[in-house]
Amino acid sequence: MEELDFYDTCGYISGFLFAFSLVPQLYKSCKTKQLNDISYYWQFTFLSGMTLMLIYSYEKDLKPVFIPASFEAFFMIILLIMKIYYRNNNNINNDIENP
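For clarity, every value in this text was computed on a predicted model and none was experimentally measured.

Participant: I would appreciate a short explanation of the overall build of the protein in the present structure.
Facilitator: Per the secondary structure count, the protein includes four helices and zero strands. Taken from N to C terminus, the helices and strands of the protein fall in the order α-α-α-α. For the protein, the residues scored as buried account for 26% of the 99 residues in total. Pairs at least 24 residues apart make up 76% of the contacts formed inside the protein by residues separated by at least 6 positions. When the accessible surface of the protein is summed, it comes to about 7300 Å², and 66% of that surface belongs to carbon and sulfur atoms.

Now the structure itself:
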């Protein structure tokens, strides 16, 4: 196993901080089931950027970028799935409550 230098350590820490900054949004979204204030445009732009970053960092063997970016992409995919699911679920509930 290769030894981490100061800059790799900074890369891992900053990457995981960015990735885990999505956790409070995921938690709030699970709790409230309201994701109307999160735009699809932002989510798709973010996921597109993450995908390109993952491709680049994997090819260049930039593990301090690739590993945390994988978590970011995973969390964003979960958020996107939740937005789609709760949008459809809320529409069904509104139809039942307001025939």
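Right, picking up where we left off after that structure.
Participant: What's the story with a nonpolar patch on the surface in this structure? I'm lost.
Facilitator: Taken together, F20, V23, I67 and F71 make up a surface patch of nonpolar side chains, about 300 Å² in accessible area. Structurally, the position occupied by V23 is in helix 2 (residues 23–32). Classification of V23 by relative accessible area gives partly exposed; the value is 34%.

Participant: How should I be thinking about unusual backbone geometry in this particular structure?
Facilitator: Backbone geometry places K33, a non-glycine residue, at a positive phi of 60°. Inspection of the secondary structure puts K33 in the loop between helix 2 and helix 3 (40–59). Overall, the relative accessible area of 39% leaves K33 in the partly exposed class. Despite not being glycine, D61 shows a phi value in the positive range, around 55°. Its location among the elements puts D61 in the loop between helix 3 and helix 4 (63–97).

Participant: Explanation requested: the pattern of salt bridges in the structure shown.
Facilitator: Pairs may arise between side chains of opposite charge once their charged atoms sit close together. One pass over the full model with this rule turns up one salt bridge. The residue D61 makes a salt bridge to K63 at a minimum N-O spacing of 3.8 Å. Note on K63: relative accessible area 39%, which makes it partly exposed.

Participant: Help me understand the confidence of the model for the protein, please; the structure alone is not making it clear to me.
Facilitator: Summing up the model confidence of the protein, the mean pLDDT is 87 and the portion of residues at 70 or higher is 89%. Of all secondary-structure elements in the protein, the lowest mean pLDDT belongs to helix 4, at 83, while helix 3 reaches the highest, 94.

Participant: Explain the environment of R87 here, please?
Facilitator: Tracing the chain through its elements places R87 in helix 4. Note on R87: relative accessible area 38%, which makes it partly exposed. Separated by 54 residues in the primary sequence, R87 and K33 have C-alpha atoms spaced 8.8 Å apart. Setting aside its immediate chain neighbours within four residues, R87 contacts Y40 and M82. Reaching out from R87, the side chain makes a polar contact with the side chain of Y40 at a distance of 3.0 Å.

So, how was this worked out
Residues numbered from 1 in each chain as written. Predicted model: local features only at pLDDT ≥ 70, side-chain atom pairs only at ≥ 80, totals over all residues. Heavy atoms only, no water. Helix = DSSP H or I, 4+ residues; strand = E, 2+ residues; numbered from the N terminus. Buried < 20%, exposed > 50% of the residue type's maximum accessible area, 1.4 Å probe, protein only. Contact = heavy atoms within 4.5 Å. Areas by Shrake-Rupley, 256 points an atom, 1.4 Å probe, with all protein chains shown as cover. Patch = residues over 30% accessible without salt bridge, like charges linked within 9 Å, V, L, I, M, F, W, Y side chains within 5 Å. Salt bridge = Lys/Arg side-chain N within 4 Å of Asp/Glu carboxyl O. pLDDT = per-residue confidence, 0-100. Polar contact = N/O pair within 3.5 Å; in protein donor to acceptor, adjacent residues only side chain to side chain.

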